[in-house]
Amino acid sequence: MGDKLRLIFAIFWRAAIIFLPMTEVAFAALERQSPFLSNSYVRDFASMYSDVILIVGSLFLLAAGSTIGYFFPTPQYGAKPLPKPVKLLISVVGGFLAFAYYVHTEKTITPAVIWWVAAVSFVSPAIIHLVHAAAIKFTGIRFGIIQEDLDSIKKSFNDEKEGS
Amino acid sequence: MDPILFKNMICVFIGLLAMILLLLPNHIIDTTSCKKNWVAVLVILASGSFIINKTLLGIFIILVLAVALFIHYLNVYIERQTHEY
């Protein structure tokens, strides 16, 4: 548990460095005697940097969707479940592709993109797994392979690994 | 996207419902089989595409889902008929 906490802390401060330039804006506002976090300041920030806020929000929901997809049980069907780091990677890749697709087709950023990125990053590992399982099943039907053959193939792979 | 729009609220609700139903244990709602997982995945994708105003994409996904469900239940029906006679 301590290792995990240390890892989370390390990721947090590395992510915090990215947002350091924003604190410079805040300190500059304080030096100019303009009340920081006042209504007018927050409204100006929200209207001027709305795209940045939306991108940060979609990044946050990308992390949340990937985490849910990571701890989500893979369907107990067909092929062996994917290794967990690969699932995380597939989630992140799916979310970024969804974001790029949205920006390319709509040419703007609206709050809708947050939910779209979250949904796609949640769903993409399951899609890859199900397509993989379906492909194995259809090729099995075509070449007359049954479940016992698949098990023996899996076993032979394991034997090779142990032998080398 | 206007979050107060009825369409978007319905889409978010349906997507969250699908996620929660998938997370429930299998003795309440059985999602171990491949077909039921496909249903959940397509429902979440359709809700997402309706939210970003890609209506045609959403309708296409829902049509695929409807055709697949139709074929599945037709298969079940035919198997039942052949077992009876």
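What counts, and at which threshold
Residues numbered from 1 in each chain as written. Chains lettered and ligands numbered in written order. Predicted model: local features only at pLDDT ≥ 70, side-chain atom pairs only at ≥ 80, totals over all residues. Helix = DSSP H or I, 4+ residues; strand = E, 2+ residues; numbered from the N terminus. Buried ≥ 20, exposed ≤ 12 C-beta atoms within 10 Å, placed from the backbone. Contact = placed C-beta atoms within 7 Å. pLDDT = per-residue confidence, 0-100. Axes fitted to C-alpha atoms, helices over the stretch in contact; angles between N-to-C directions. Parallel < 35°, antiparallel > 145°, perpendicular 65-115°, else oblique. Left-handed = near helix turned anticlockwise from the far one by under 90°. Nonpolar A, V, L, I, M, F, W, Y, C, P; charged D, E, K, R; others polar. Expected span 1.5 Å × (residues − 1). Arc of directions from axis to C-beta. Core = buried A, V, L, I, M, F, W, Y, C linked by C-beta atoms within 7 Å.

A count of helical and extended segments in chain A gives seven helices and zero strands. Taken from the N to the C terminus, the helices and strands of chain A come in the order α-α-α-α-α-α-α. Split into buried and exposed, the 164 residues of chain A put 20% on the buried side. Pairs at least 24 apart in sequence give 70% of the contacts found in chain A among residues at least 6 apart.

Scanning chain B from terminus to terminus reveals three helices and zero strands. Start at the N end of chain B and walk to the C end: the helices and strands fall as α-α-α. Expressed as a percentage of its 85 residues, the buried residues of chain B come to 25%. Taking contacts inside chain B between residues at least 6 apart in sequence as the whole, the part at least 24 apart equals 43%.

Per-chain confidence: chain A averages 80 in pLDDT, with 87% of residues scoring 70 or above. Mean pLDDT per element in chain A: helix α7 (residues 147-163) of chain A is the minimum at 69, and helix α5 (residues 84-106) of chain A is the maximum at 88.

Let us now look at unusual backbone geometry. With phi around 65°, K107 of chain A is a residue other than glycine that occupies positive phi space. Following the sequence through the fold, K107 of chain A ends up in the loop between α5 and α6 (112-143). Even without a glycine there, the phi angle at N53 of chain B is positive, about 65°. Within the fold, N53 of chain B resides in the loop between α2 (34-51) and α3 (55-84).

Turning next to the packing of helix α4 (residues 50-71) of chain A against α6 of chain A. Angle between the axes and distance between the axes: these two values describe a pair of packed helices. Residue and element names in this part refer to chain A. Two elements in contact, α4 and α6, have axes separated by 8 Å at closest approach and are oriented at 25°. In terms of their interaxial angle, α4 and α6 are classed as roughly parallel. The two elements α4 and α6 cross, and the hand of that crossing is right-handed. Contacts between α4 and α6 pair L54, G57, S58, L61, L62, A64, G65, S66, I68 and G69 from the former with V113, I114, V117, A118, S121, F122 and P125 from the latter. Within the contact of α4 with α6, the residues separate by chemical class into 11 nonpolar, six polar and no charged.

For the rest of this paragraph, the subject is helix α1 (residues 6-23) of chain B. All names here are of chain B. For α1, spanning 18 residues, the distance from its first C-alpha to its last is 26 Å, which sits close to the expected 26 Å at 1.5 Å a residue. Looking only at α1, the buried set comprises N8, C11, G15, A18 and L22. One side of α1 holds all its buried residues, which, seen down the axis, span an arc of 95°. Away from its buried face by more than 90 degrees, α1 exposes F6, M9, F13 and I20.

On to the nonpolar core. In this structure, V113, W116, V117, A118, A119 and V123 of chain A together with I44 of chain B are the most contacted members of the largest nonpolar core, which totals 31 residues. When residues of this core are traced back to their parent elements, those giving at least two are α4, α5 and α6 of chain A together with α1 and α2 of chain B. If one sorts the elements of this core by residue count, α6 of chain A sits on top with 13 residues.

We now examine helix α1 (residues 2-18) of chain A. For α1 of chain A, built from 17 residues, the straight-helix expectation of 24 Å at 1.5 Å per residue is met to within 8% by its first-to-last C-alpha distance of 25 Å. With zero of 17 residues buried, α1 of chain A is to be regarded as a mostly surface element.

Now for the packing of α4 of chain A against α5 of chain A. All names here are of chain A. Direction vectors running N to C along α4 and α5 enclose 145°, while the axes themselves pass 9 Å from each other. Relative to α5, α4 is oriented so that their crossing is right-handed. Residues S58, L62, G65, S66, G69 and Y70 of α4 touch α5, and the partners they reach there are K84, K87, L88, S91, V92, G95 and F99. Among the residues making up the contact of α4 with α5, the classes are represented as five nonpolar, six polar and two charged.

Our next topic: the environment of L97 of chain A. By the element assignment, L97 of chain A lies in helix α5. In the structure, L97 of chain A is positioned 20 residues away from V117 of chain A in sequence and 8.7 Å away in space, judged by C-alpha atoms.

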